Amino acid sequence: GHRNDMNDTVTAYAGTAVFDGAALHDGAVLLVAGERFAGIASDIPPGARLVAVSGGILAPGFVDLQVNGGGGVMFNDDPSPATLATIARAHARLGATAILPTLITDRPQATRAAIAAVREAVAASMPGIAGLHLEGPHIALARKGAHDPALIRPMEAADLDRLCRAAAELPALMVTLAPESATPEQVGRLAAAGAVVSLGHSDAPYETCREYIRAGARCVTHLFNAMSQLGNRTPGLVGAALQAGEVSAGLIADGIHVHPASIATALAAKRGPGAVFLVTDAMATAGSDLDHFTLNGRRIERREGRLTLADGTLAGADLEMAQALRVLTGPVGLPPERALAMATAIPADLAGLQAGRIEPGRRADFVHLDDGLRLRGVWRGGASLAPSGG
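Let's shift gears to the sheet that holds strand E10 (residues 132-135). Strand order in the open sheet made by the eight strands is E6-E9-E10-E11-E12-E13-E14-E15, with parallel pairing throughout. The strands lining the two open edges of the sheet, one partner per strand, are strand E6 (62-67) and strand E15 (276-278). Note: strand E13 (residues 219-220) against strand E14 (residues 248-251), two bridges, orientation parallel. Paired with Cys219 across the two strands is Ser248, which belongs to E14.

See the structure below:
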C-alpha cells in the first residue's frame, strides 16, 4: 500500500548548523520523515531517531545547472538514460543531488536524443536528473571556447519548434544561445514556452545583449568566460549581466576560469533580483580519476586542475561544488551562507526546481560539510550515500 511519509519515524540530525537555502541556523536540528524533510527544530522531538552529526553545516543538496559529464562519461558521447544515470550518480556522490545534464554544441540528432533521454529519465523518476541544458549549437564562432566550430549554426524554425516542445514536456529546459545565431523573436518564443534562455558564447555588444534580455533571456552562461568583456566604452555581455536586474548568471568559481578579484567585483556590482550562482561545468572527469577524455573526437587533457584542448583552450572545468564554495569563502571572502545559497536555492529557483531548500514536504536531499566546507556526507531521499571527493 501507499505509505504516508509523515507517519514514518522522524529522524533528527543534530550537533551542527543547518542552512535552509536562505539562512544559517546555529545549533538547529534537521528533521527527516521517510524520503522527505519534516522541518528544522530547535530541539530533538520526543520519539525521534537521533543521528549525531559533529560540527559543520547541513545544507540542501547542491543544484548544478551545467553538467556535461561525470563518472568517466560525457553526455554528448551517448545521450541515453544509461549515461544520465552514470552522470547523476557521480555528481550525487559529490553533493549535487539535482543537476541539469548539459549537451554541448552537436548535430541535430544528438539534440533529439538528449531530449528523449531526459524525458525518459524524468518519467522513470531517475534521481538527480532535474531537466536539460542545451549549450549550443546556436552560439557565436568568435567565442566558441571548446565547442566544435564545424557544428555551430543559426537557429532555424525546426530547431525552435523542437526546443519549444521540449520546454513544454521537461520539468526544466535551459538553452544557451548567442544573439549572433538567434533572433529576439526566437528568444521570446522560447521564454514563452517555459525555457530558461541563457546568453553565452557570444561577442555581442552591450546594447544587443540588453535587447535580448528585453526579449526574454533570463540568464548568462559562465559569467566572464566566452563572452564580450566589461570594457571602458563597451560594457559587453558581462556589463549587461551585471546591470540587468532580471538576469541571473552562472559562474565557474574554480579560481582558474575567473580571478577571485573579478568574482568579488561582480558580486558587489550585481543588481537583483537576478543573482550569480555556481556551476561546475563538469566534464567526464568529475568523480573519476581519468587523466584525459575526448569531445567531438578531440582529446582533452586533465592537468593541475585544468581541462584543456591541445592548443590550451579551457574545455569545461575540473571542479566540484564544495571546492567552488571554498574559493568563494576563501579568496573571494564571502560568508558561508551567501556561498551556499549560490549552490542551492538561487539556481533551483531560476530553473523552477523543487530543490535547493530545506522545507517540509520536499525530498530530503542534503549534504554535510565540515567547518572547512569539505564534503563529509550526502543523503538522497533521506538515504545516505558514500561521498567522493570533498
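More follows now that the structure is in view.
For the rest of this paragraph, the subject is the sheet that holds strand E17 (residues 298-303). What the three strands build is an open sheet, ordered E16-E17-E18; its pairing is antiparallel. A strand with exactly one partner marks an edge of an open sheet, and here the two such strands are strand E16 (292-295) and strand E18 (306-308). When the angles between neighbouring strand axes are averaged without regard to direction, this sheet yields 25 degrees. Here E16 runs beside E17; their pairing, made up of four bridges, is antiparallel. Bridge pairing in E17 links Thr294 to Arg299.

A few words on the pattern of salt bridges. Across all of its chains, the model carries 13 salt bridges by this definition. The residue Arg362 makes a salt bridge to Glu359 at a minimum N-O spacing of 3.2 Å. Residue Arg376 pairs with Asp370 through a salt bridge whose shortest N-O separation is 2.9 Å. Residue classification places Arg376 among the partly exposed positions, given a relative accessible area of 48%.

With that out of the way, let us pick up the nonpolar core. Soluble globular proteins: nonpolar side chains tend toward being buried together. Ranked by size, the top nonpolar core spans 102 residues in total, and within it Phe62, Leu190 and Leu223 carry the most contacts. In this structure, Leu30, Leu58, Ala364 and Trp379 belong to the second largest nonpolar core, which totals twelve residues.

Relative to the helices and strands, Lys270 is located in the loop between helix H7 (260-269) and E15. Of the buried charged residues, Lys270 lacks a salt bridge, with Glu246 as the closest side chain of opposite charge at 7.0 Å. Within polar-contact distance, the side chain of Lys270 engages the backbone oxygen of Ala241 at 2.9 Å. Within the local environment of Lys270, its side chain forms a polar contact with the backbone oxygen of Val247, the two atoms lying 2.9 Å apart. Apart from the residues lying within four places of it in its own chain, the contact partners of Lys270 are Ala241, Leu242, Ala244, Gly245, Val247, Ala275 and Val276.

With respect to the helices and strands, Arg165 occurs in helix H3 (residues 157-169). Given a relative accessible area of 52%, Arg165 falls into the exposed group. Along the chain, Arg165 and Cys219 lie 54 residues apart, while their C-alpha atoms are 20 Å from each other.

Turning our attention to the pairing of E6. Across the six residues that make up E6, a large majority, six, are buried. Relative to strand E9 (residues 96-104), E6 runs parallel, the two being bridged by four bridges. Bridging across to E9, Asp64 finds its partner in Ile99.

Attention now moves to the packing of aromatic side chains. Under the criterion given, the structure shown has four aromatic pairs. Aromatic side chains Phe37 and Phe366 sit 5.9 Å apart centroid to centroid with 50 degrees between the ring planes, which places their arrangement in the tilted category. A residue pair is termed long-range when its members are at least 10 positions apart, and Phe37 in strand E3 (residues 36-41) and Phe366 in strand E19 (residues 366-369) qualify at 329 residues. The class of Phe37 is buried, set by a relative accessible area of 1%. Residue Phe366 is classed as buried on the basis of its relative accessible area, which comes to 0%. Ring geometry for Phe366 and Trp379: centres 4.6 Å apart, planes at 5 degrees, overall stacked.

How each quantity is defined
- Along each chain, residues carry numbers from 1 onward, in the same order as the chain's sequence is written.
- Side-chain atom pairs in this predicted model are given and counted only at pLDDT of 80 or more, local residue features only at pLDDT of at least 70, and totals for whole chains, interfaces and linings cover all residues.
- Side-chain metrics rest on all non-hydrogen atoms present in the structure, leaving aside hydrogens and water.
- Only strands that DSSP links by at least two bridges are regarded as paired with each other.
- Comment: elements are numbered from the N terminus, with helices defined as DSSP H or I runs of at least four residues and strands as E runs of at least two.
- Note on definitions: angles span 0 to 180 degrees between N-to-C directions of axes, and those axes are lines fitted to C-alpha atoms, for helices only across the stretch in contact.
- The working definition used for a salt bridge is a side-chain nitrogen of Lys or Arg within 4 Å of a carboxyl oxygen of Asp or Glu.
- Burial status follows relative accessibility: with a 1.4 Å probe on protein chains alone, a residue under 20% of its type maximum counts as buried, one over 50% as exposed, and anything between as partly exposed.
- Here, nonpolar core means buried Ala, Val, Leu, Ile, Met, Phe, Trp, Tyr and Cys residues that are tied together by side-chain atoms lying within 4.5 Å of each other.
- His is not counted, nor are the chain ends; Lys and Arg add positive charge and Asp and Glu add negative charge.
- Distance and chemistry together define a polar contact, namely a pair of N or O atoms within 3.5 Å, with one atom able to donate a hydrogen and the other to accept it when in protein, and with adjacent residues in sequence counting only for side-chain atoms on both sides.
- Working rule for contacts: check all heavy atoms of both residues, and any pair within 4.5 Å makes them a contact.
- Here the aromatic set is Phe, Tyr and Trp, taking the six-membered ring for Trp, and pairing holds for ring centres within 6.5 Å; pairs whose planes are under 30 degrees apart are stacked, those over 60 apart are edge-to-face, and all others are tilted.

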